[in-house]
Every structure is written in C-alpha cells, then in structure tokens.
Amino acid sequence: MPITSITKDTDALTMTVVADFPVPVQRLWDAHADPRQLERFWGPAEWPATFTRHDFHAGGRSHYWMTGPDGTRAAGCWEYLAMDPGRSFEVTDGFADEFGTPDPEMPVMRLRLVFEETPQGSRLTSKTWFNSAADYQQLLEMGMEEGLTSAMGQMDAVLQDLTSYAAGSGVHTQVLTDTKVRISRVIRGTPAQVRQAHRDPDLLRRWLLGPDGWRMSDCQVATKVGDSYRFAWEKEEDGSDGFALYGELLELDEPYREVTTESMEGVPGEPNVNEQTLTPIEGGTLLTLIVTYPSVEVRDMVLGTGMTDGMETSYARLEEVLRASARA
C-alpha cells in the first residue's frame, strides 16, 4: 500500500493523504492527465470510474461517474481552479448528474494534489478542504476516506504499465456508453503544434487523408465558434468515390479543446458531436476524441467501417508532418 499517512483535522475541516510511489514525478502526473489511466484507479475498486470529459488545464472541467456492483451510478465533476504542470493542480470536486451538471443538494469540496520528487521516486499529497462540519461528517460517513485509500492502492498497477499509454502505441478505442466512444492517441508534438496542424489547410491536406491513395478535394476550416467547416476527399487516381464531412464549431478553448458537429453529405439523420482535447504528457500530446453518436446503431455502423484504422494512418502522417516542420 503506497499510503504513508492520513491526517484529518476537524478544526480546519481538512483531510490530507500522502502516498509514495517508486516512479518519476512525470509518470505519476501523466496518470492523472490521461483519462484512460485515471479511471483505472479513481474511486474504490468496487466502483470503477468512467470519464466522459477531462479538460486537464486551468479553467477546464472533468465529468465522470463511478459504477457500483449493482449497476448504480454516482457521478461527479471537477472544475480546475489552478494548475502548475508537473507539480500541482487544484479543483472544486462535487457531485453531479451523468451530464456533469452539479447537484446543488450535495457538498462541494476543494481538492489540491501536489506532486513531488523523492529519493525513491515521487510523492503525491492530496488535501481536501470541506465547507462545513456537516459536509465533513457527511462525506466521511459516505466512505470518502475508504475511497481515497482504495484509489491510492490501485495506482501501483497503473504506474507499472509503461507501454500501453506511451507514444508509439497507436490509436486506442473505447466504447464508453451506447452512444459515446473515446478515441485516444499520443502525438509526438506540443498541443500548439498539433492544434495548428488541425487548423492550417495546407497542413491538413498533407495528413488528414485516411488510407493511401486519397486526397482532400476541399478543406474549409472553422476557426471561431459558429463557423462551419467542410472536408471532402476523392481518390487520387481518378477523382472517384468522393465524399464529404461537414459541421459547425460549437466550443473552442485554444489550444486544448474544441467541440464540433459532424455529418456526412447526402446521409440524413442527426449529426455526431465530436469533443477533442489536447493534453501535454511525456512524449508528446495526448489527443482524445470523444464522439457522441445519435444512436447505438449509428455507433456500431461507423465503428464497423474501419474508421479507427484510417485515423491511425492519418495520425502517423501527422507525426511525419510535425517532424518535417521541425526540421524546416
């Protein structure tokens, strides 16, 4: 068990948990930056977490729920108050519904995590501030201390996995719900570089191509909220089999997050909603794309087309484009 101390101060209304790990600070930090890793240890072992949003930067938000043995869900949300990359972050931590809307009837806490180097590896200090003695007592009775203890105990196995989430591991696809899918990949480059490659038409034409033998015949980029975009492709050989995707830019927080709709021309029905986040980690930028489909049938149809294989080919080209730009 990595926990070295738990200190409860009923006068100051705080609880502090200290845990030590035999890994570098950056590895510990990245485990919190990557929702795929975070949900493997956040919360009690019997209540695994699912993160449907994770904007890991000051001003961002995270939404998640934990699923109990009987299928019951308990949802929560974080609002990031401050972040010192690699060293600390601070959030308000509260209860919510499955869409991330805070529950006004439940307590809200302030949580600060500090990451420090030690001779043996790294130390994580988690300090929680409660708003009242009643909140303090209620949350302890709900098992908050046991939940934190269980979470820290699960981290060792995650931290020892040095390959699954590293640069070079390719596209990773997870079905989160009947309509939500998370697609993740580490791109060798900074968030600013990766973001620029998504908004510069000249760069997009070089990498956003899917399988070999295709070219972009139209590349209209949305640069501000409310703008529309249109991307079209055709076969290089003869210009046949053309198709196009289009949509609207709904939200933008440069360079970390954008939300768009996405439809295919000529195909009726409600659009997908794509939420893309860029998070700096060791080895590059974690690109996370959460796609919300109109139905489970549409989800399965799209995944069955081999879409993620084409995305991996495109992201590999993106890395080549970034390497070439760095040499220029």
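Refer to the preceding data block for the structure.
Conventions we followed
Residues numbered from 1 in each chain as written. Predicted model: local features only at pLDDT ≥ 70, side-chain atom pairs only at ≥ 80, totals over all residues. Heavy atoms only, no water. 1 Å grid on protein atoms, 1.4 Å probe; cavity = no way out; pocket = protein on both sides within 12 Å on 5 of 7 lines; lining within 4 Å. Points joined across faces, edges and corners; volume = space filled by probe spheres on them. Nonpolar A, V, L, I, M, F, W, Y, C, P; charged D, E, K, R; others polar. Helix = DSSP H or I, 4+ residues; strand = E, 2+ residues; numbered from the N terminus. Salt bridge = Lys/Arg side-chain N within 4 Å of Asp/Glu carboxyl O. Buried < 20%, exposed > 50% of the residue type's maximum accessible area, 1.4 Å probe, protein only.

(A) Broad picture of the layout of surface pockets. Considering only enclosed or pocket space, the largest pocket measures out at about 1400 Å³ in volume. Considering the residues around the largest pocket, the lining is formed by 46 residues, among which Trp233, Leu245, Glu262, Asn274 and Met307 are closest to the centre. When the residues that make up the lining of the largest pocket are grouped by side-chain class, the tally is 29 nonpolar, 12 polar and five charged. Of the volumes computed, that of the second largest pocket is approximately 540 Å³. The wall of the second largest pocket is formed by 22 residues, among which Pro44, Tyr64, Met66, Phe95 and Met144 lie closest to the centre. At the level of elements, strand E4 (61-67), strand E5 (73-84), strand E6 (88-96), strand E7 (108-118) and helix H4 (144-160) are the ones that each hand at least two residues to the lining of the second largest pocket. The dominant element in the lining of the second largest pocket, judged by the number of residues it contributes, is H4, at four residues. Residue composition of the lining of the second largest pocket, grouped by class: 15 nonpolar, six polar and one charged.

(B) Representation of the pattern of salt bridges within the structure. Within this structure, the stated rule accounts for 28 salt bridges. Here Asp55 makes a salt bridge to Arg257, at a shortest N to O gap of 3.4 Å. Taken together, the residues Asp55 in the loop between strand E3 (49-54) and E4 and Arg257 in strand E14 (residues 257-264) connect sequence positions 202 residues apart. Just as Asp55 is buried, Arg257 falls in that class too. A salt bridge links Arg87 to Asp84; its shortest N-O distance comes to 3.6 Å. Exposure remark for Asp84: the relative accessible area of 32% places this residue in the partly exposed category. Members of the salt-bridge network, linked through shared partners, are Arg53, Asp55, Glu251, Arg257 and Glu275.

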